[in-house]
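Take a look at the letters that make up each chain.
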Amino acid sequence: MPFRPMAAFAAAAVLLTAALPAGAEAPARRRAARAVAAPAPAVPETPGAGVPAVVVASPGQAVDIALSRAPVLRSAEAGRRAALGELVQAGLPPNPEARLDNQSFAASGPYRGGSPLETGVGLSQRIETGGKRQARVEASGRALALTGLDAEAVRLDLAREVVRALAGAVAGARAAEISRERVRLADEVLRATRARVEAGREPFVQQRRAEVARETAAVGFERSQREAAAARRALAVLLAVPRVEVAADRAAWFDDLGPRPDPARAPALPPGQLDQVRLDALVDQRRAELDLQRRIAVPDVTVNGAVSRFREASQTAAGTAFVLGLSVPLPVFDRNQGNILRAGAEVNRAEADAERGRLHLDAALADAERRLDQAWRAADSLRRAVLPAAREAAGFAREGYAAGKFSLLEVLDAQGALSNVREQLNAALLEVQQVRADIARLRGRAADPALAAAPVGAPVRRPSP
């Protein structure tokens, strides 16, 4: 029970008051009055209080602000551009090599001080074989497509977190208003109780009960204010703004339950669901990497061409020769076995992760649909039947207490029941909006699923920088 310490304090106050002698009752009343009149501790100011707040009226507006300002999106775009640079680099061939040979640069005997016996100028070019360049482009293209899908996932995740944070901020503000109303009702009961005590129709212990109930409500109000401020700060961080206000009293979208969920409908992810496409794209990228490593095992051929100038030591004869060479590494020891083994294991791991991820996505969607159905039913029942009955009962209790028909305990119980129902409805509406955000994220589609899901070997479109 959240208010068990206050209940213990109330019981102690009742016993202490009952034990007071008649002469001490008046000072006790004065001390109680001063305690009630004392102001509640001030809530610390929100950081950036001097900066104008950004007023958010709807989830769409909040998402637009976040998508235009959030640093996480710039980070995702930087990652995409880095993958684009790798794709550009993958399509470049090896550079040719120039060679200058100067034989007998420093000699002795008859060759001392003369010009070199042989001078040669040549070029060499490594020719990639086995389709290495095409495989590199394929693997880099798959990595670029995967990075683009990651950037889309960041956008959808940000939109979900913003909607959840906005709903939490609205619910926090409304919880603070409910607590404020609880304090107001406690003040009314306290004033009525004082009047009845002064008129001699109630013992002083009833006033102490009303004072304890009022102080309990004040403590709850202070806590709800702090929680509402924390929720606004969390939303401001997601929106990348100093301060934010949510206009909870005008948030009609928060009260909209939408259509009733159909529990008989089997939840199913739509075709092209982003997370499934990402899983498939990761498998394709790992397969392309395995294909590249297999092709790297094929030795490359290096072609050499040179022009050489020969001279005899007597400097009486000279000649020119054209030299052509060909070199091929012998794959005796290094056949890229380790990288092929690693790439194959990465393919197996990606396939297992994809299978596990699909099962997790199906289970997450089914659980979210179940939670939405429960929250929707609870909110609908509380709003249609429970809340009107609690309001009517609280009104009757206050009127009856003023007329002397009900006891103070009955009034406090009716007010507590009304506040609890309002808090339960607020929590149910919050659950509905947050679960809807989760379902929207789970049903999010990839912007270009065909690009990422193309089979290995198909041409990959190179996006613009």
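Higher on the page you've got the structure.
Every residue gets a number counted from 1 within its own chain, in the order that chain's sequence is written. Only residues with pLDDT of at least 70 are given local features in this predicted model, and only at 80 or more are side-chain atom pairs given and counted; all residues enter the totals for whole chains, interfaces and linings. As a convention, hydrogens and water are excluded, and side-chain values are obtained from all of the structure's heavy atoms.

A. Examining the layout of surface pockets more closely. Space inside and on the surface of the protein is sampled on a 1 Å grid over the protein atoms alone, with a cavity defined as a set of points where a 1.4 Å probe fits but cannot get out and a pocket as an open set with protein on both sides within 12 Å along at least 5 of 7 lines; lining residues have an atom within 4 Å of a point. Grid points are joined across faces, edges and corners, and a volume is the space filled by probe spheres set on the points. By volume, the second largest pocket amounts to about 540 Å³. Helix and strand definitions here come from DSSP, where helices need a minimum of 4 consecutive H or I residues and strands a minimum of 2 consecutive E residues; each element is numbered from the N-terminal end. Looking at the lining of the second largest pocket, the elements that each hand over two or more residues are helix 5 (132-198), helix 6 (204-239), helix 7 (252-255), helix 9 (337-402) and helix 10 (408-442). Here the lining of the second largest pocket gets 6 residues from one element, more than from any other, and that element is helix 5. Within the lining of the second largest pocket, the residues separate by chemical class into 14 nonpolar, 3 polar and 10 charged. Each residue receives one of three labels: charged for Asp, Glu, Lys and Arg, nonpolar for Ala, Val, Leu, Ile, Met, Phe, Trp, Tyr, Cys and Pro, and polar for the others, Gly being one of them.

B. Looking closely at the environment of Gly122. Looking at the secondary structure, you find Gly122 in strand 3 (residues 118-127). Spatially, the C-alpha atoms of Gly122 and Asp101 are 8.3 Å apart, while their sequence positions differ by 21 residues. Apart from residues lying up to four places away in sequence, Gly122 is in contact with Glu97, Ala98, Arg99, Gly305 and Ala306. Contacts are assigned to residue pairs that have any heavy atoms within 4.5 Å of one another.

C. Up close: the packing of helix 8 (residues 274-296) against helix 9. Inter-axis angles, ranging from 0 to 180 degrees, are taken between N-to-C directions of lines fitted to C-alpha atoms, where helices are fitted over the stretch in contact. Between helix 8 and helix 9, the least distance of the axes is 9 Å, while the angle of their chain directions is 170°. By the angle between their directions, the pair helix 8 and helix 9 is classed as roughly antiparallel. For classification purposes, angles smaller than 35 degrees are called roughly parallel, those larger than 145 roughly antiparallel, those between 65 and 115 roughly perpendicular, and all remaining angles oblique.

D. Main features of the environment of Ala169. Its location among the elements puts Ala169 in helix 5. Three labels apply to residues, based on accessible area from a 1.4 Å probe with only protein chains included: buried if under 20% of the type maximum, exposed if over 50%, partly exposed otherwise in between. What makes Ala169 buried here is its relative accessible area of 1%. Once the C-alpha coordinates of Ala169 and Val244 are considered, the two residues, 75 residues apart in sequence, prove to be 9.7 Å apart.

E. Here's a closer look at the nonpolar core. Residues belong to a common nonpolar core when they are buried Ala, Val, Leu, Ile, Met, Phe, Trp, Tyr or Cys residues joined through side-chain atoms within 4.5 Å. Core analysis: the biggest nonpolar cluster contains 60 residues, and Leu166, Val170, Leu235, Leu239, Val246 and Phe254 have the highest contact counts within it. Of all the secondary structure elements, the ones that give two or more residues to this core are helix 3 (59-69), helix 5, helix 6, helix 7, helix 9 and helix 10. Considering each element in turn, this core owes the most residues, 14 residues, to helix 10. When residues no more than four places from it in sequence are discounted, the contact partners of Phe254 are Ala167, Val170, Ala171, Arg174, Asn426, Leu429, Leu430 and Gln433. Formed by 7 residues, the second largest nonpolar core is a distinct cluster that contains Leu146, Leu149, Ala281 and Ala446.

F. Broad picture of the pattern of salt bridges. Each salt bridge in this description consists of a side-chain nitrogen of Lys or Arg and a carboxyl oxygen of Asp or Glu lying within 4 Å of one another. For the coordinates displayed, the defined rule picks out 37 salt bridges. We note a salt bridge from Glu128 to Arg136, for which the minimum N-O separation is 2.6 Å. Glu128 sits in the buried class, given a relative accessible area of 19%.

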